[in-house]
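Structure at a glance
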Amino acid sequence: MDYSRLLTDTLRAHPHGETIARVLAAALDAVEPAAAVRAALHVDDEAITIGGVRYQRASIDRVLVVGAGKAGAPMAAAAAQALGGLLAGGAVVVKDGHTGDGAGPITLLDAAHPVPDERGVTASRQIAALLAGAGERDLVLALISGGGSALLTAPAPGVSLADIQQLTALLLGCGASIGEINTLRKHLDNVKGGGLARMAAPARVAALILSDVVGSPLDVIASGPTVADPSTYADALGTLERYGLLGQAPAPVLEHLRRGAAGHAEETPKPGDPALARVQNLIIGSNPLAAQAALAQAQRAGLRTLLLTTYLQGEAREAGRLLAAVAREIAASGSPLPRPACVVLGGETTVTLRGDGLGGRNQELALAAVADMAGLPGVALVTLATDGGDGPTDAAGAVVTGETLARAQALGLDPADHLARNDAYRFFAPLGDLLRPGPTNTNVNDLAFLFAF
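Everything numeric in this text was worked out from a predicted model, so none of it was measured.

Here we take up the overall build of the protein. The secondary structure content of the protein amounts to 17 helices and 15 strands. Against the compact-globule benchmark of 22 Å for 453 residues, the protein has a radius of gyration of 22 Å, which places it among compact chains. Out of the 453 residues in the protein, the part that is buried amounts to 59%. Here the analysis covers contacts within the protein between residues at least 6 apart in sequence; of these, 78% occur between residues at least 24 apart. Just so you have it, the protein exposes about 16400 Å², and 52% of that area is on carbon and sulfur atoms. Taking the average place of the 34 positive charges on the side chains of the protein and the average place of its 44 negative ones, the gap between the two points comes to 2 Å.

Quick look at the structure:
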């Protein structure tokens, strides 16, 4: 990726701004979706090889490509190039603005994210129709990446798209983890939680998966459309109860979940289900891979490096204060690394909405660190949503240095006030500290970088 797209006003003025931007760019380059597909998918005269598994061409009548996710366009383009004349057709759902240069014979369908819309429902019907004719001698290549849960939407009987939209908005603001959110999605939708593989049966299915979930649990990534689902209707109801949403969730949602918990609605496919017997799932990109590439680039720049964790979770504002504490420790004692240093963290935090501001979890994390990092010399915190979009904004994250608080106060900006209103975007925008790389067409969760020069 062109590192200059990652330069904010602050980084352009920073004596090590280009070094910082190159470290971030290296992380994104390591999980470029087309390259990941090309590394996993090989075709020769005798077989299609996917992650070391050979599918003999003589045993295949047709190859179909389906999928969903923010990285769908480059993944589909790479698959179409590799398969060439073997490709019989395909359709992949992508987020608005993520179609790239197209994918040849594979149709790219736009839909909304993170709250699904009617286009996602229509696209899901189109994919279901494509799979309806799949037979035992067909091979279905499923391209799955982050964002697929919202983009691939086929509401269960009795549940409307409006019900799903209302529930999604509630879930995004309550602080629930992605695993908890997807447990609900899988039990309100016909394509999630192994549903896509069930639609494709009895065809063979090979899924290439770009992970955007902490720890890369297959059943959680994009709500596991090709994976057995260990969760239940009772688990889904438990999530609503845990976050106090039983009284706010749409009535048809509660009715469907309660019917399922009572055994009156079909469960998602469980481990050992015959519909999943011919499915191969392969992770081709992940947050740890991006983090390791960032560390390698930092080392080449002469920095001491540490991967602190790729399991960063919890409230974004609490994580921000933790990272500020690490920055202060480096400045005070040279621990856990002496200068010059680069500490990398990956994962996905959550935001419990308390105000009506504008922002996202990466921006909120950065905002929470501003006061505690004030006055620290030569230290920078950079947060990055690897898909290029953080929350409902055009920013991917933000930059905080020891000077941020003083610069903000000079403009009459109070970080505590903005944090109370979940208004990180409007705090960082006047400072020129928002990271705005545009869509990256990849998605492996979030990264945070602490630099000390």
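On we go from here.
Time to look at the pattern of salt bridges. Taken as a whole and judged by the stated rule, the model has 25 salt bridges. Between R54 and E46 there is a salt bridge, with the nearest N and O atoms lying 3.8 Å from each other. By relative accessible area, E46 is classed as exposed at 53%. Residue E364 is joined to R317 by a salt bridge in which the shortest nitrogen-to-oxygen separation is 3.1 Å. Placement of E364 in helix α14 (residues 361-373) and of R317 in helix α13 (residues 316-333) is noted, with a sequence separation of 47 residues between them. Beyond isolated ion pairs, a larger network of salt bridges with shared partners links K186, D219, D229, E267 and K270.

This part covers the pairing of strand β3 (residues 53-56). Two strands pair when backbone bridges link them, and strand β2 (residues 47-50) and β3 are joined in this way by four bridges, in the antiparallel orientation. Among the inter-strand pairings, I50 is bridged to a residue of β3, identified as V53. Between β2 and β3, which follow one another and run antiparallel, lie two residues, and G51 among them has a positive phi close to 60°.

Conventions used here
Residues numbered from 1 in each chain as written. Predicted model: local features only at pLDDT ≥ 70, side-chain atom pairs only at ≥ 80, totals over all residues. Heavy atoms only, no water. Helix = DSSP H or I, 4+ residues; strand = E, 2+ residues; numbered from the N terminus. Rg over C-alpha atoms; globule rule 2.2 N^0.38 Å. Buried < 20%, exposed > 50% of the residue type's maximum accessible area, 1.4 Å probe, protein only. Contact = heavy atoms within 4.5 Å. Areas by Shrake-Rupley, 256 points an atom, 1.4 Å probe, with all protein chains shown as cover. Lys, Arg positive; Asp, Glu negative; His and termini not counted. Charge placed at Lys NZ, Arg CZ, Asp CG, Glu CD. Salt bridge = Lys/Arg side-chain N within 4 Å of Asp/Glu carboxyl O. Pairing = 2+ DSSP bridges.

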